[in-house]
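Geometric and topological summary
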Amino acid sequence: MTLIRRDRRDHIELWTLDRPDRLNALPDLGDGEAFAAACEAVNADQGVRCVVLTGAGRAFSAGGDLRAMKDRRDLFAGSGAEIREGYRRVVHRIVRSLYGLEVPLIAAVNGPAMGLGCDIAGLADIRIASDTASFGVPFLKLGILPGDGGAWLMPRNIGYARAAEMLFTARVLDAKTAMEWGLVSRVVAPERLMAEAMEIAADVASRAPRALRMTKALLRQGRDATFDQILEMTASMQALAHLTDDHLEGVTAALEKRGAVFGGT
């Protein structure tokens, strides 16, 4: 079964994790390739301006397959060196691919997001949740650690102390607490989740696509670059943006007091 069901809606792609019978458990051995292929396709398609990611059924993603861990099979089979290589080829390929997605990513978290599932949601630029969603990184509860980069990601999303509390205690957050902590930006009723996500996506997708991708790149680089480095990147990207037809359309539309229609050139 294909992990990611992809649906195109104008300039928006809707990705659905499609293993509802297993609560969208991740990762199977082919999942790194699935995420890489989807992200590479979007990066190469200038017609895509935003991606919305959600889960089929009642979960966003329950994370790792506990039975596979117990049986030491699939990703968890073999020697320490083989398991390490499996993480690098599969888990790390998933998170590297999502981190390298060039268009804004919106996570519509419809239910439990645990372990790798929680950190996949955390890689989104915008995160909204159903009020039935929950979030947890219970690695230590299982006697392992965050092998998906969560120790780097989580403090950047919610701060060191709260990240430490989530990781060290394996505490599960309900949607309301997740919003209070900054893990999601809004919480809505389950029946409103996808409509809300698609409304935000449509707003994002209405912006000049080349400038949109460059702005996301600046936000990503801004997590680790110095202020001077960001200013240099900004000057270069801004120079390119000023030469686009979309910039001229944006200025003209503002002067004419109408909505801009961006063509991506």
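Higher on the page you've got the structure.
Let me sum up the structure you'll find in this document. (Residues numbered from 1 in each chain as written. Predicted model: local features only at pLDDT ≥ 70, side-chain atom pairs only at ≥ 80, totals over all residues. Heavy atoms only, no water.)

1. Quick word on the overall build of the protein chain
Spelled out, the test is: Per the convention used, a helix needs a DSSP run of H or I reaching at least four residues, while a strand needs a run of E reaching at least two, with both numbered from the N terminus. Radius of gyration here is computed from C-alpha atoms only, and the compact-globule reference equals 2.2 Å multiplied by the residue count raised to the power 0.38. For every residue, the accessible area (1.4 Å probe, protein chains only) is compared with the maximum for its type, and the residue is labelled buried under 20%, exposed over 50%, or partly exposed between those bounds. For the accessible areas, the method is Shrake-Rupley and the probe is 1.4 Å, while residue cover comes only from the protein chains on display. The charge count includes Lys and Arg as positive and Asp and Glu as negative, but it does not include His or the ends of the chains. Taken as the charge location is NZ of Lys, CZ of Arg, CG of Asp or CD of Glu.
Counting secondary structure elements, the protein chain contains 11 helices and 9 strands. Compactness check: the protein chain gives a C-alpha radius of gyration of 19 Å against a globular reference of 18 Å for 265 residues, within 12% of the reference. Considered along the principal axes of its C-alpha atoms, the protein chain spans approximately 65 × 40 × 40 Å. The buried share of the protein chain, reckoned over its 265 residues, is 47%. Surface exposure of the protein chain reaches about 13,300 Å², of which carbon and sulfur atoms provide 56%. Counting 33 positive and 34 negative side-chain charges, the protein chain places the centres of these two groups 3 Å from one another.

2. Section: the pairing of strand S3 (residues 50-55)
Every regular strand shows the same layout, with side chains that alternate between the two sheet faces. Put simply, the rule is: DSSP-based pairing: two strands are paired if at least 2 bridges between them are found. By convention, a crossover is right-handed whenever its connection, traced from the first strand over the helix to the second and viewed with the strands pointing away, goes clockwise.
Burial of S3 is extensive: 6 of the 6 residues sit out of reach of the surface. Residues Cys 50, Val 52 and Thr 54 point to one face of S3 and Val 51, Leu 53 and Gly 55 to the other, with burial holding for every one of them. As paired elements, strand S2 (residues 12-17) and S3 share 6 bridges and run parallel to each other. What sits directly across from Thr 16, in S3, is Thr 54. After leaving S2, the chain enters helix H1 (residues 31-44) and then returns to the sheet as S3, a path that is right-handed.

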